[in-house]
Amino acid sequence: MPGIDLTLSVSKLNEYVNSLLSNDLRLRSVKVKGEISALKLQQGSGHLYFTLKDETAVIRCIMFASKVASLRFEPADGMKVIVSGKVEIYSPSGQYSFNVTGMQQAGEGELYRQFVETSNRLRALGLFDRKRPIPSLPKCVGVVTSDTGAALHDITSVIRRRFPCMDIVVAPAAVQGKNAPSELIRALEAVNNDARADVIIIGRGGGSYEELSCFNDEQLAYAVFNSRIPVISAVGHEVDFTIVDFVSDLRAPTPSAAAEICVPVYSELTEALNTVRSTLNGAAMQRIDMLKLNLMLTSETSALSDPSSIFTDRIRRINDMAVNMKHALERHFGELCSKHETRTEKLMALNPNAVLSRGYAIVKSENGQFLRSISDAEVNDRVEIILSDGKLNARICE
């Protein structure tokens, strides 16, 4: 229409285009695959700036520090990644860019899917449930890791610092790449066959999800589970988790932490032993002092100062016992005599001769039966009359 100026300022145009991008649901949450280049971490703010490119095109990207902190790997130029975020325009410069809110290495999604499937299967079989105790004072520590990596240096340094004379058995193995699982399995078997170690540390330093994926191998998980020696896993950093962590007897957040867990501090053990030794010495001296006191008190008894008194006392006790026995026998004999006299008197009182001497007589029939009543005899029966001084024969008259 005439008279109306529809001309936009540059800033208004940029703001308008940015609002269009912001309102596009597809562009507000999108994933893009490409290769990192021109990577730059801004000092101070911690923001990450880089270009994402493919064979024919590029796009500028920014990832703010709060999102960078959640990365499980360290981005680098030439790394193929999948980024998620939104498309926007920076109004002051009018530059089209991609605000990255998440990043993973290309192929990581498939690795994670395999990780979830394998972990669910092994958990259902009970491989994650068994947790054996870790020896508190091992005689030897087995280490399964790369012999060229920082993890071996960290583990041995911590062990030597804490317990200088601790024996260490190292079984080197690749800790990334397609051959890593089989090498780690052979190294585990070698430490078990060696039979010197009381505990095994298996692991490596930090790395990308893809680099740590060898520790998600199912056969390696079985090898850890079947180890006759308890296993501590120390794979990556504290935020990294692998299947070996779940199947091991104990997980340590870092290789250095694993060494600290399984090896005590030698100086602390020495101090504890000295404390125990001092306590035992004190208890022993206290016991010795008590025994000395008992010995001194015993030496002052009459048995040791005058040994003959033991025999004198024993003889006196024997004499007293003899007198008591004599008196007891006399009392017992007197009681027996008294009982004899009493029983004799009773027997004499029942003696038929004593009765006859008082004028009584016993009458017997011819056939020797005692007559107790006149009805027991008839006229003209012969009878025998027994008196105290003899017998009379008589006949019964009317």
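Each remark here, short or long, concerns the structure printed above.
The sections below set out a description of the structure shown in this document. The residue count restarts for each chain, going from 1 along the sequence in the order it is written. Residues qualify for local features only when their pLDDT is at least 70, as the model is predicted, and side-chain atom pairs are given and counted only at 80 or more; totals for whole chains, interfaces and linings, by contrast, use all residues. To obtain the side-chain values, all non-hydrogen atoms of the structure were used and water was disregarded.

## Focus: the sheet that holds strand β8 (residues 199-204)
Put simply, the rule reads: Two strands are counted as paired when DSSP detects at least two bridges linking them. Strands here mean DSSP runs of E at least two residues long; helices mean DSSP runs of H or I at least four residues long; both are numbered from the N terminus.
Spatially, 5 strands are ordered β7-β6-β8-β9-β10 in an open sheet, and the strand pairing comes out parallel. On the outer flanks of this sheet lie β7 (167-172) and β10 (250-251), each paired with one strand and no other. Pairing of strand β6 (residues 140-145) with β8, which is carried by 4 bridges, proceeds in the parallel orientation. When the bridges of β8 are listed, V143 appears paired with I201.

## Thoughts on the packing of helix α6 (residues 180-194) against helix α8 (residues 218-225)
Rules: Here, axes are lines fitted to C-alpha atoms. For helices the fit covers the stretch in contact, and angles between N-to-C directions go from 0 to 180 degrees. What sets the label is the angle itself: under 35 degrees gives roughly parallel, over 145 gives roughly antiparallel, 65 to 115 gives roughly perpendicular, and the rest give oblique. Contacts: residue pairs with any heavy atoms within 4.5 Å of one another. Residues are sorted three ways: Asp, Glu, Lys and Arg are charged, Ala, Val, Leu, Ile, Met, Phe, Trp, Tyr, Cys and Pro are nonpolar, and all the rest, Gly among them, are polar.
Remark: α6 packs on α8, axes separated minimally by 9 Å, with the N-to-C direction vectors making an angle of 10°. Considering the angle they form, α6 stands roughly parallel to α8. Residues P181, L184, I185 and L188 of α6 form the contact with α8, whose participating residues are Q219, L220, A223 and V224. Residue classes in the contact of α6 with α8 are distributed as 7 nonpolar, 1 polar and no charged.

## Some points on the pattern of salt bridges
Stated precisely, the cut-off is as follows: Salt bridges are defined by distance alone: a side-chain nitrogen of Lys or Arg within 4 Å of a carboxyl oxygen of Asp or Glu. For every residue, the accessible area obtained with a 1.4 Å probe (protein chains only) is divided by the maximum for its type, and the residue is called buried under 20%, exposed over 50%, and partly exposed between those limits.
A complete count under the given rule lists 7 salt bridges for this structure. The partner of R132 in a salt bridge is D249, and the shortest N-O contact between them spans 3.0 Å. Note that R132 is positioned in the loop between α4 (108-124) and β6 and D249 in the loop between α9 (243-247) and β10, a separation of 117 residues in sequence. Like R132, the residue D249 is buried in the burial classification. Across the salt bridge formed by D194 and R196, the nearest N and O atoms sit 2.7 Å from each other. Its relative accessible area of 31% is what places D194 among the partly exposed residues.

## Concerning the sheet that holds strand β5 (residues 95-105)
Strand order in the closed barrel formed by 5 strands is β1-β2-β3-β5-β4, with mixed pairing between adjacent strands. Neighbouring strand axes in the sheet, compared pairwise and without regard to direction, differ in orientation by 55° on average. Across 3 bridges, strand β3 (residues 58-63) lies against β5 in parallel orientation. Within β5, the position partnered with C61 by the bridge is F98.

## Some points on α6
To keep things clear, this is the line we draw: Here, expected helix span is obtained from the residue count minus one, scaled by 1.5 Å. As used here, the arc belongs to the directions running from the helix axis to the C-beta atoms.
Here α6 is 15 residues long and its end C-alpha atoms lie 21 Å apart, about the 21 Å a rise of 1.5 Å per residue gives. Taken residue by residue, α6 has A180, P181, L184, I185, A187, L188, V191 and N192 as its buried positions. Projected down its long axis, α6 carries its buried residues within an arc of 165°, all on one side. In α6, the exposed residues that point more than 90 degrees away from the buried face are R186 and N193. A195, located one to two residues past α6, shows a positive phi value of around 65°.

## Here we look at the side chain of S248
Filter applied, for reference: Polar contacts, as used here, are pairs of N or O atoms within 3.5 Å; protein pairs need one atom able to donate a hydrogen and one able to accept it. Residues neighboring in sequence count only if both atoms are side-chain atoms.
Checked against the element boundaries, S248 lands in the loop between α9 and β10. Here S248 falls in the buried class, since its relative accessible area comes to 1%. At 2.6 Å, the side chain of S248 forms a polar contact with the backbone oxygen of V244.

## Examining the environment of Q95
Relative to the assigned elements, Q95 resides in strand β5. Along the primary structure Q95 and R60 are separated by 35 residues, whereas in three dimensions their C-alpha atoms are 8.5 Å apart. Excluding its chain neighbours within four sequence positions, the residues that come into contact with Q95 are R60, E88, I89 and Y90.

## Section: a nonpolar patch on the surface
The condition that has to hold: In this analysis, a patch consists of residues with relative accessible area above 30% that form no salt bridge, clustered at 9 Å for like charges and at 5 Å for the nonpolar side chains Val, Leu, Ile, Met, Phe, Trp and Tyr. Note that accessible areas follow from Shrake-Rupley with a 1.4 Å probe, and for residues the cover is restricted to the protein chains shown.
On the surface, L293, M296 and L297 cluster together into a nonpolar patch covering about 280 Å² of accessible area. On the secondary structure map, L297 appears in helix α11 (residues 266-299).

## Considerations on the side chain of S227
Mapped onto the secondary structure, S227 falls in the loop between α8 and β9 (231-235). Residues contacting S227, with those up to four places away along its chain left out, are R132, N192 and I200.

## Here we look at unusual backbone geometry
Phi angles above zero are rare outside glycine, and A195 is one such case at about 65°. With respect to the secondary-structure elements, A195 resides in the loop between α6 and β8. For A195, a relative accessible area of 57% gives the class exposed.

## A closer look at the pairing of β9
Across the 5 residues of β9, 5 count as buried, placing the element largely inside the fold. Here β9 shows no split at all, with V231, S233 and V235 on one side and I232 and A234 on the other all buried. In terms of strand pairing, β8 meets β9 through 5 bridges, oriented parallel. Opposite G203, over in β9, you have A234 as the bridge partner. Looking at chain direction, β9 and β10 are connected through 2 bridges and run parallel. Residue pairing across strands places S233 opposite R251, the latter belonging to β10.

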